[in-house]
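# Structure at a glance
If you want the building blocks of each chain, they are given just below.
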2 protein chains.
Amino acid sequence: MKQLSEVRAFGGRQVRYSHASRSCNCEMTFSVFLPPAAGTSECPAVYWLSGLTCDDQNFATKSGAQRVAAELGLILVMPDTSPRGDDVPDDVEGDWDFGLGAGFYVNATRSPWNRHYQMYDYVVEELPELVEAELPVSRTQRAVSGHSMGGHGALVVALKNPDRYAAVSAFAPIVAPSEVPWGQKAFTNYLGKDAAAWAEYDACRLIEKTSACPPMLIDQGDADQFLEVQLQTWRLESLLEQIALPIQVRQQPGYDHSYYFIATFIEEHLRFLAERLP
Amino acid sequence: MKQLSEVRAFGGRQVRYSHASRSCNCEMTFSVFLPPAAGTSECPAVYWLSGLTCDDQNFATKSGAQRVAAELGLILVMPDTSPRGDDVPDDVEGDWDFGLGAGFYVNATRSPWNRHYQMYDYVVEELPELVEAELPVSRTQRAVSGHSMGGHGALVVALKNPDRYAAVSAFAPIVAPSEVPWGQKAFTNYLGKDAAAWAEYDACRLIEKTSACPPMLIDQGDADQFLEVQLQTWRLESLLEQIALPIQVRQQPGYDHSYYFIATFIEEHLRFLAERLP
């Protein structure tokens, strides 16, 4: 693990690292915020999964989350959104909604993507193991949050691993990737046409099968430009009318898909997560 | 005044405008945050002057200031840092420390800069007139703050117009531009070799001549990579040992020159300004 930079923020440390990833078979970069409390003891970690086109720094620079994390004693762990490097294949059309910056937090099974695009294993297993070994990160207190594609990621990793995450939050998540263009493009390429494989990474399909999940808070802006075609939050909301799970979905009037939306509500999300940590 | 975009943030409105500027003789862009209170009444304005290479959006996206401005009922007015456009001359060497993104908040007197680079008049006169006419901005309650080159700008516009600004703050300001490379390059180009002209835009020289100024809060990180060569805060601090003025300079241990530093202390600065508005 190599430290690329360190900046003081809110009495803590905003640090960027890179390391050779066995899951993604390339050098991966991630950012961490260590609150003042991490100077003297282990702290719980909130994993933040970013959306399409982001890397490990968008949330760090735009969300203002460090202020609240410093107060609550939370470590923020911010992975990249895909493998990167000269070897790593990108969308052949060069579009921003697939390939680099668009790993969708799945383990790809199809060539050429399967050689590097193993973001599910990276986020759920490898990165926690690394930061829990190298930084004062608690091994027992994890939460996860994310935005858009990363909101999808947060819901999926928590639904598949309810014992690993004490609580979950999401901003404007893709709730049913199998049903929308962003998800269909990514899943077709990464997973092929196997419907069962798609269902393993689709929050709505996972919710249909589960009887328990960690507490979840979801915020969705009703002026979000991607709501109708890509996010379709109502699919999740109508499932929750039939299935009793601790998932709260809030509509936020007038908010769009931007980081201003995240910045506005991140304090409530971090407090929600912190209160539910063991 | 043309609205370019609007996003909801912290219950208020983050808006971007452009307009034909008579001072700068080009189309100028600026950003404004309107807190919820501005929906029903006039609010005081804090003018934010950004640093080298910034435009009207860096502070808006990275500082987190809107959260506090929403609570305190402050309008944030964020001008660009220079004139822009195909006609506007840039540094012949294309460096980032002069020309576009580097107006230094002066009225240039030398050709070719004098045709557009009139940022002092723009910030002190034209922009306030515009927003006070078109938006619910108070005509009697103004404050100013800024970072680096914009910290220099904030100090200078307030020292030259103590009746216009109720309070001032600065993050890592250039306090003595006449004595440091960034300022010397800019002043030589914009103002020529006239020492008297330079003194009109040099905070330390203005402080030597003044007997009263608005209350000022200055924060400077002691790990700031530009402190020794460009900022030289100690020049201001040693003046204040001889001249009694309401200027507080704080050293912040471990902080650098980045927006993480601004984000950490912007809440204290906005509260400082708000408490001193009439």
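Heads up: these notes are all about the structure in this document. (Residues numbered from 1 in each chain as written. Chains lettered and ligands numbered in written order. Predicted model: local features only at pLDDT ≥ 70, side-chain atom pairs only at ≥ 80, totals over all residues. Heavy atoms only, no water.)

Residue and element names in this part refer to chain A. Counted under the stated rule, the structure contains 36 aromatic pairs over all chains. Measuring from centroid to centroid gives 4.8 Å for Trp182 and Phe226, while their planes differ by 45°, and the two rings are tilted. With Trp182 in helix H5 (residues 181-191) and Phe226 in the loop between strand E8 (216-221) and helix H8 (227-231), the pair connects residues that are 44 residues apart, well separated along the chain. Given a relative accessible area of 4%, Trp182 falls into the buried group. Under the relative-accessibility criterion, Phe226 is labelled partly exposed at 23%. (Phe/Tyr/Trp six-rings, centres within 6.5 Å; stacked < 30°, edge-to-face > 60°. Helix = DSSP H or I, 4+ residues; strand = E, 2+ residues; numbered from the N terminus. Buried < 20%, exposed > 50% of the residue type's maximum accessible area, 1.4 Å probe, protein only.)

For the pair chain A and chain B, the superposition axis carries a translation of 0.0 Å, the fit reaches an RMSD of 0.0 Å, and the rotation angle comes to 180°. Given the turn and translation reported, the copies of this chain are related as if by a two-fold rotation axis. Using C-alpha coordinates, one finds that chain A approaches the rotation axis most closely at Lys62(A), a distance of 2.5 Å. Take the interface residues of chain A: 100% of them recur as interface residues in chain B, which is what a same-surface contact looks like. (Least-squares fit on C-alpha atoms with pLDDT ≥ 70 in both. Contact = heavy atoms within 4.5 Å.)

What follows deals with the interface of chain A and chain B. Listed as interface residues are 20 residues of chain A and, on the opposing side, 20 residues of chain B. A combined buried area of about 1,700 Å² lies between chain A and chain B, and 61% of that area is made up of carbon and sulfur atoms. It is Arg8(A), Phe10(A) and Tyr260(A) that lose the most area in chain A upon contact with chain B, and together they represent 37% of the buried surface on that side. At the surface where chain A touches chain B, the tally comes to zero salt bridges. Where chain A packs against chain B, one counts six residue pairs in polar contact (both at pLDDT 80 or more). Those elements giving two or more residues to the side of chain A that touches chain B turn out to be strand E1 (2-9), helix H1 (58-62), helix H2 (65-72) and helix H10 (259-276) of chain A. Grouping the amino acids of the side of chain A that touches chain B by side-chain chemistry returns eight nonpolar, seven polar and five charged. (Buried area = accessible area lost by both parts, 1.4 Å probe. Salt bridge = Lys/Arg side-chain N within 4 Å of Asp/Glu carboxyl O. Polar contact = N/O pair within 3.5 Å; in protein donor to acceptor, adjacent residues only side chain to side chain. Nonpolar A, V, L, I, M, F, W, Y, C, P; charged D, E, K, R; others polar.)

Omega for the bond connecting Ser111(A) with Pro112(A) falls within 30 degrees of zero, at 0°, which places this linkage in the cis form. Among the secondary structure elements, Pro112(A) is positioned in the loop between strand E5 (75-79) and helix H3 (119-134). Unusually for a residue other than glycine, Tyr105(A) sits at a positive phi of about 55°. With respect to the secondary-structure elements, Tyr105(A) resides in the loop between E5 and H3. Classification of Tyr105(A) as buried rests on a relative accessible area of 1%. Positive phi is not limited to glycine here, since Gln232(B) has a value of about 50°. Residue position: Gln232(B) is located in the loop between helix H8 (227-231) and helix H9 (233-242). Under the relative-accessibility criterion, Gln232(B) is labelled buried at 10%.

In this section: the side chain of Ser31(B). Residues and elements named next belong to chain B. Mapped onto the elements, Ser31 comes out in strand E3 (residues 26-34). Of the polar contacts made by the side chain of Ser31, one reaches the side chain of Asp56; its length is 2.5 Å. Not counting residues within four places of it along the chain, the set of residues in contact with Ser31 comprises Gln14, Val15, Arg16, Asp56, Gln57, Leu76, Val77 and Met78.

Now for the sheet that holds E8(A). Residues and elements named next belong to chain A. Strand order in this open sheet of nine strands is E1-E2-E3-E5-E4-E6-E7-E8-E9, and the pairing throughout is mixed. A single partner strand is all that each edge strand has here, and the edge strands are E1 and strand E9 (247-252). Taking the axes of each pair of neighbouring strands and ignoring which way they run, one obtains an average angle of 20° across the sheet. Here strand E7 (residues 167-171) pairs with E8 via four bridges, running parallel. Each residue of the ladder has a partner; that of Ala170, found in E8, is Ile218. In the packing of H3 onto the sheet, contacts are made with strand E2 (12-21), strand E3 (26-34), strand E4 (43-49), E5 and strand E6 (137-147), and the angle to E6 comes to roughly 140°. (Pairing = 2+ DSSP bridges. Axes fitted to C-alpha atoms, helices over the stretch in contact; angles between N-to-C directions.)

On to the packing of H2(A) against H10(A). Residues and elements named next belong to chain A. Relative to each other, H2 and H10 sit at 30°, their axes nearing to 9 Å. With respect to H10, the element H2 is oriented roughly parallel. Here H2 and H10 pass one another in a crossing that is right-handed. For the pair H2 and H10, contact is made by Ala65, Arg67, Val68, Ala69, Glu71 and Leu72 and by Ile266, Glu267, Leu270, Arg271 and Ala274, respectively. A breakdown of the residues in the contact of H2 with H10 according to their chemical character gives seven nonpolar, no polar and four charged. (Parallel < 35°, antiparallel > 145°, perpendicular 65-115°, else oblique. Left-handed = near helix turned anticlockwise from the far one by under 90°.)

All names here are of chain A. For the structure on display, the rule yields 36 salt bridges over all chains. In this structure, Arg271 engages Glu267 in a salt bridge whose closest nitrogen and oxygen atoms are separated by 2.9 Å. With Arg271 and Glu267 both in helix H10 and four residues apart, this pair spans about one turn of that helix. Judged by its relative accessible area of 24%, Glu267 is partly exposed. Three or more residues are tied together by salt bridges with common partners; here these are Arg67, Glu71, Glu267 and Arg271.

Residue and element names in this part refer to chain A. Counting buried positions along E3 yields eight of nine residues, so the element is predominantly enclosed. Where E2 lies against E3, nine bridges are found, and the strand directions are antiparallel. Counted as the bridge partner of Ser18 is Thr29 from E3. The hairpin turn running from E2 into E3, its antiparallel successor, is four residues long, and Asn25 in that turn takes a positive phi close to 60°. Strand direction decides the pairing type here: E3 and E5, joined by four bridges, are antiparallel.

Let us now look at helix H3 (residues 119-134) of chain B. Of all the bends in H3(B), the greatest reaches close to 35° and is centred on Glu126(B); the proline Pro128(B) follows between one and four positions later. Of all the residues in H3(B), the buried ones are Met119(B), Tyr120(B), Tyr122(B), Val123(B), Val124(B), Glu126(B), Leu127(B), Pro128(B), Leu130(B), Val131(B) and Glu132(B). (Bend = angle between axes of the 7 residues up to and from the residue.)

This part covers the sheet that holds strand E2 (residues 12-21) of chain B. All names here are of chain B. The mixed open sheet is built from nine strands, whose spatial order is E1-E2-E3-E5-E4-E6-E7-E8-E9. In this open sheet, the two edge strands, each paired with only one partner strand, are strand E1 (2-9) and strand E9 (247-252). With strand direction ignored, the average angle separating the axes of adjacent strands in the sheet is 20°. Inspection of the sheet shows strand E8 (residues 216-221) paired to E9 by six bridges, in the parallel sense. Of the residues in E9, the one forming a bridge with Met216 is Ile247. Here H9 sits on the sheet and contacts E8 and E9; the angle it forms with E9, its principal contact strand, is near 140°.

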